[in-house]
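Given next are the chains, with one letter for each unit.
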Amino acid sequence: MSAIDRIAPVSPELKAIRRDIHAHPELAFAEHRTAAVVVRELQKAGIEVHQGIGGTGVVGVIRGGRGLRAIGLRADMDALSITERNTFEHRSTHAGCMHACGHDGHTTMLLGAAQALAAARDFDGVVYVIFQPAEEGEGGGRVMIEDGLFERFPMEAVFGMHNWPGIPAGQFAVHTGPVMASADRFDIEVFGTGAHAAMPHLGADPVAAGAALVQAIQTIVSRTLDPADAAVVSVTQFHAGEAYNVIPDRATLCGTVRAFSESVQQRIESRLRELCEGVGAAFGVRIELAYRRGYPPTINTAAEAALCAQTAASLVGSENVDTGARPSMGAEDFAYFLQRKPGAYVWIGNGPGEGGCMLHNPNYDFNDDILNVGVAYWVELVKRILPPHA
Ligand SMILES: [Zn+2]
Ligand SMILES: [Zn+2]
């Protein structure tokens, strides 16, 4: 019997829960049905439940022994505004909404772990199972923290897990340091002076200035940052004008910035500001920059990442735990948890990533074959951090 089967045998009940949540996806802060499923399953296992934390967030409290040490395990519950293209029986029944990021699987794996931990209680301390709303862009994790998560449920460390298509089922990737990037947004307004397109000397062209600015922005990563620092600055929108023969009086540029450290974020923001001012002066237009911070980078702490890698290796073998994988330029609001507490966010292989199986794809589905792997990982992690008294 494998370590996984011993800790978390394949459970038809868990698979049914996963598919039920998949069929009833809910968007950010509207995860009412999903939260009700979570509450029902936690209570079924005799677990103390706290609801309404950060909106629809739920926390379960599982005590083992008399120990006072506590850790948090976190799953996300929300779905995406995507119309599902799958035709299987458990496809979404909510038009325009779909579990295309596998949060249905994350929620189910943590429920399975909570039930197993509550049944055995063979650890010493407190485990908080955290089910958060609104991971997809709305920062539900941050809202839970602002709502007193860490004051009401003091914990020494917090852990997260995301399925990852492209990593074979039964494997893990654990990063030391950055695992996901920050995601900031910028809006740039170029205020020129409109003119007849045949008489450009009578105006100040925001299109020419905007085009120069797009070019200049390309030098931020290539000429301003240390080459060893990874970052992305993408201009993704450029709106201006509506006629063939009119130079418009303004142009709008928008885009995104990704980085793995606060200092790089700051450097990019200040360089963007300098370029806006400089190009504005050069072209005789006024340029305004609005820079909005989004999710911070998700940065695993070294000791906890090592512990997670050891835990995964004990289940699937060290040859199936990649500790050298590159981080993703995607973003993740588990970052807010890791800003406040030590911890680590690991990737669990979802199987092949081709043929529409990537995250946020209308043909994606969470792989039920990894449910028991994920449950076993959570249970084993708890036992390693909060070992029972001999
Ligand atoms: Zn997602
Ligand atoms: Zn996700």
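As a reminder, the structure under discussion sits directly above these lines.
Residues numbered from 1 in each chain as written. Chains lettered and ligands numbered in written order. Predicted model: local features only at pLDDT ≥ 70, side-chain atom pairs only at ≥ 80, totals over all residues. Heavy atoms only, no water.

## Details of the packing of helix α4 (residues 103-120) against helix α11 (residues 371-385)
In plain terms, the rule: Every axis in this analysis is a line fitted to C-alpha atoms, fitted for helices over the stretch in contact. Angles between the N-to-C directions lie between 0 and 180 degrees. Numbering of helices and strands runs from the N terminus; a helix is a DSSP stretch of H or I covering at least four residues, while a strand is a stretch of E covering at least two. Here roughly perpendicular refers to angles of 65 to 115 degrees, roughly parallel to angles under 35, roughly antiparallel to angles over 145, and oblique to all remaining angles. Two helices crossing with the near one rotated counterclockwise from the far one by less than a right angle form a left-handed crossing, whereas a clockwise rotation gives a right-handed crossing. In this description, contact between two residues means that some pair of their heavy atoms is separated by no more than 4.5 Å. In the scheme used here, Gly and all other residues not listed as nonpolar or charged are polar, with Ala, Val, Leu, Ile, Met, Phe, Trp, Tyr, Cys and Pro taken as nonpolar and Asp, Glu, Lys and Arg as charged.
Across the interface, α4 lies against α11 with an axial gap of 8 Å and an inter-helix angle of 50°. One way to sum up the angle between α4 and α11 is to call them oblique. Regarding α4 and α11, the two cross each other, and that crossing is right-handed. Residues Gly105, Thr108, Met109, Leu110, Gly112, Ala113, Ala116 and Leu117 of α4 pack against Leu371, Gly374, Val375, Trp378, Val379 and Val382 of α11. Here the residues of the contact of α4 with α11 are counted per class, giving ten nonpolar, four polar and no charged.

## Looking at the coordination of the zinc ion (ligand 1)
Where we set the bar: Donor selection uses N, O and S atoms within 2.8 Å of the metal (3.2 Å for Na, K and Ca). Since no water is included, sites may look incomplete. Only four donors with every angle between 85 and 135 degrees are called tetrahedral; only four or six donors with opposite donors over 155 degrees apart and all others between 65 and 115 are called square planar or octahedral, in that order; all others are irregular. Relative accessibility thresholds used throughout: buried, under 20% of the residue-type maximum; exposed, over 50%; partly exposed, between the two (1.4 Å probe, protein chains only).
Donor atoms from the polypeptide that coordinate the zinc ion (ligand 1) comprise Cys101 (SG), Glu136 (OE), Glu136 (OE) and His360 (NE2), at 2.0 to 2.7 Å from the metal. One can describe the site at the zinc ion (ligand 1) as irregular: its four donor atoms subtend angles covering 53 to 151° at the metal. Sequence positions of the donors to the zinc ion (ligand 1) reduce to the motif C-x34-E-x223-H. Assessed through its relative accessible area of 38%, His360 is described here as partly exposed.

## Considerations on the pairing of strand β4 (residues 125-132)
Put simply, the test is: Following DSSP output, two strands are said to pair if at least two bridges run between them. Seen with its strands pointing away from the viewer, a crossover is right-handed if its path from the first strand over the helix to the second goes clockwise.
Counting buried positions along β4 gives eight out of eight residues, so the element sits mostly inside the fold. Residues Gly125, Val127, Val129 and Phe131 point to one face of β4 and Val126, Tyr128, Ile130 and Gln132 to the other, with burial holding for every one of them. Summarising the sheet, strand β2 (residues 57-64) and β4 pair through seven bridges and their orientation is antiparallel. Residue pairing in the sheet places Gly64 in a bridge with Gly125 of β4. Handedness of the crossover joining strand β3 (residues 70-76) and β4 through α4: right-handed.

## Section: helix α7 (residues 206-224)
Worth spelling out the cut-off: Expected span of a helix, by definition, is 1.5 Å for each gap between consecutive residues, and there is one gap fewer than residues. By the criterion applied in these results, polar contacts are pairs of N or O atoms within 3.5 Å in which, for protein atoms, one can donate a hydrogen and the other can accept it, and in which residues neighboring in sequence qualify only through two side-chain atoms.
The end-to-end C-alpha distance of α7 is 25 Å, a good match for the 27 Å that 19 residues give at a rise of 1.5 Å each. When we look at burial in α7, the residues that qualify are Pro206, Ala209, Gly210, Leu213, Val214, Ala216, Ile217, Ile220 and Thr224. The N-cap of α7, judged by a side-chain oxygen 2.7 Å from the amide nitrogen of Val207 a few residues on, is Asp205.

## Some thoughts on the state of the cysteines
Filter applied, for reference: Cysteine sulfur atoms that pair up within 2.5 Å are treated as a disulfide.
On inspection of all chains with the given rule, the structure shows zero disulfides. Left without a disulfide partner, Cys276 is nearest to the cysteine sulfur of Cys254, which lies 12 Å away. A residue is classified by how much of its surface remains accessible, and Cys276, at 3% relative accessible area, is buried. We note that Cys357 lacks a disulfide partner, and the nearest cysteine sulfur, in Cys101, lies 14 Å from it.

## Notes on helix α8 (residues 262-283)
Test applied: Arc definition: it is the arc formed by the directions from the helix axis to the C-beta atoms.
Between its terminal C-alpha atoms α8 stretches 32 Å, which fits the 32 Å expected from 22 residues at 1.5 Å a residue. Three or more residues of α8 are buried, namely Val264, Gln265, Ile268, Glu269, Leu272, Leu275, Cys276, Val279 and Gly280. Summarising the axial view, the buried residues of α8 lie within an arc of 135°, below the 170-degree limit, and thus occupy one face. In this structure, α8 carries Ser263, Glu277, Ala281 and Ala282 as exposed residues pointing more than 90 degrees from its buried face.

## Topic: the sheet that holds β4
Strand order across the open sheet formed by eight strands is β1-β2-β4-β3-β5-β16-β6-β15, with mixed pairing between neighbours. The open sheet has two edge strands, β1 (48-53) and β15 (321-322), and neither has a second partner. Those strands touched by α4 are β2, β3, β4, β5 (157-164) and β16 (343-349), and its axis lies near 145° from that of β3. In the packing of helix α9 (residues 302-316) onto the sheet, contacts are made with β5, β6 (172-173), β15 and β16, and the angle to β16 comes to roughly 30°.

## Points about the packing of aromatic side chains
To be explicit about the condition: In this scheme Phe, Tyr and Trp rings, the latter by its six-membered ring, pair at centre separations within 6.5 Å, and the angle between planes marks the pair as stacked below 30 degrees, edge-to-face above 60, and tilted otherwise.
Throughout the structure, instances matching the rule amount to eight aromatic pairs. On the basis of an interplanar angle of 85° and a centroid distance of 6.2 Å, the ring pair of Phe150 and Phe337 is categorised as edge-to-face. Of this pair, Phe150 sits in helix α6 (residues 149-152) while Phe337 is found in helix α10 (residues 334-340), placing the two residues 187 residues apart along the sequence. Take Phe150 and Phe337: they sit in the same class, and that class is buried.

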